[in-house]
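The primary structure of each chain is shown beneath.
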Amino acid sequence: MLAKEHIDDLLQRNGNIVSTDGAKIGSIGQVYADDENGQPTWATVKTGLFGTSESFVPLEGARVEGSDLVVPYTKDQVKDAPRVDADGHLEPTEEDRLYAHYGLGGQTYTEATTGRDADFAATDRTSGVAAGGYDTDARGTVGHDTSGPTTDDAMTRSEERLNVGTERQAAGRARLRKYITTENVTQTVPVQREEVRIEREPITDANRGDALSGPDLSEEEHEVILHEERPVIEKETVPVERVRLDKETVTDHVTVDEEIRKERIETDGDDNIRR
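Keep in mind that what you see is a predicted model, and the values were worked out from it rather than measured.

### Topic: a nonpolar patch on the surface
Right, on to step 1. Nonpolar side chains collect at one region of the surface, where Leu 162, Val 164, Val 254, Val 256 and Ile 260 lie side by side and expose about 470 Å² of accessible area between them.
Right, on to step 2. Note on Leu 162: relative accessible area 43%, which makes it partly exposed.

### Some thoughts on helix 1 (residues 4-12)
Right, on to step 1. Of the residues making up helix 1, those classed as buried are Ile 7, Asp 8, Leu 10 and Leu 11. Summarising the axial view, the buried residues of helix 1 lie within an arc of 165°, below the 170-degree limit, and thus occupy one face. In this structure, helix 1 carries Glu 5 and Gln 12 as exposed residues pointing more than 90 degrees from its buried face.
Right, on to step 2. Elements that come into contact with the buried residues of helix 1 comprise strand 2 (24-33), strand 3 (40-47), strand 5 (63-65) and strand 6 (68-71).
Right, on to step 3. Looking at the residues trailing helix 1, positive phi occurs at Asn 14, about 55°.

### Structural notes on the pairing of strand 1 (residues 16-19)
Right, on to step 1. Bridging between strand 1 and strand 2 involves 3 bridges; their strand directions are antiparallel. Among the inter-strand pairings, Ile 17 is bridged to a residue of strand 2, identified as Gly 26.
Right, on to step 2. With antiparallel pairing between neighbouring strands as the criterion, strand 1 and strand 2 make up a hairpin whose turn holds 4 residues, including Gly 22 at a positive phi of roughly 90°.
Right, on to step 3. Across 4 bridges, strand 1 lies against strand 6 in parallel orientation. In the sheet register, Ile 17 faces strand 6, and the bridge partner there is Leu 69.

### Considering the nonpolar core
Right, on to step 1. Judged by nonpolar contacts, the single largest core of 26 residues is most densely connected at Ile 17, Trp 42, Val 57 and Tyr 102.
Right, on to step 2. Secondary structure elements with two or more residues in this core: helix 1, strand 2, strand 3, strand 4 (53-58), strand 6 and helix 3 (92-102).
Right, on to step 3. Tallying contributions element by element places strand 2 first for this core, with 4 residues.

Cut-offs used in this document
- Residues numbered from 1 in each chain as written.
- Predicted model: local features only at pLDDT ≥ 70, side-chain atom pairs only at ≥ 80, totals over all residues.
- Heavy atoms only, no water.
- Patch = residues over 30% accessible without salt bridge, like charges linked within 9 Å, V, L, I, M, F, W, Y side chains within 5 Å.
- Areas by Shrake-Rupley, 256 points an atom, 1.4 Å probe, with all protein chains shown as cover.
- Salt bridge = Lys/Arg side-chain N within 4 Å of Asp/Glu carboxyl O.
- Buried < 20%, exposed > 50% of the residue type's maximum accessible area, 1.4 Å probe, protein only.
- Helix = DSSP H or I, 4+ residues; strand = E, 2+ residues; numbered from the N terminus.
- Arc of directions from axis to C-beta.
- Contact = heavy atoms within 4.5 Å.
- Pairing = 2+ DSSP bridges.
- Core = buried A, V, L, I, M, F, W, Y, C linked by side-chain atoms within 4.5 Å.

Structure below.
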């Protein structure tokens, strides 16, 4: 909750009012206070050329960051607020229009302060009280939403869930390609060849007639043709195997690591609140 000291410091430093997303809305103009407890409740934002236009913004849910005042509203939401003269006093009808714009319950604040040493002026404040003594908003629920339009009497907590699935995508390509290589084959083959061998035999009664059939003395030549084998190479192409491409599915386990966000709800205020 903002205190008078916070506003005094912001006014002294000519602080700005910014939205929660960091967008500057404008500089702080006037501050309106509750007459019952002196707490700041409304502020005006100087917008437009040279800050000539002022828009009202609730201080409920606002916080101080350095020399700036952060409010839970967007820049467009503040600039689109109903036009109300910042003359130091708010009429009930003017407040109703502002509360309706920001989605807050109706309350009444009248006087404003613009300086550090100025006192927060007295105002009238009205709020409903339930049968059990709890503050209620205009709809009769216990409590209301201070960060935007009032929804109901409860806060919804949400969280992100991690849903992991799979998708099919191309991971690679495989093809068969046939090409020719050359290699040396060594093989031993037996071959035969003829060689000359001289045979001598003595004269016997069996070969004497052949030996004396020619002249007594003569010149002669005898010839023998020799043969040999040589390797003969022939090549033939024969099929040896069939090769094709096929696919099979294998399963791997992949660990997924991802951050998820969760909303947490905590209670600020009276320590005697039952949980």
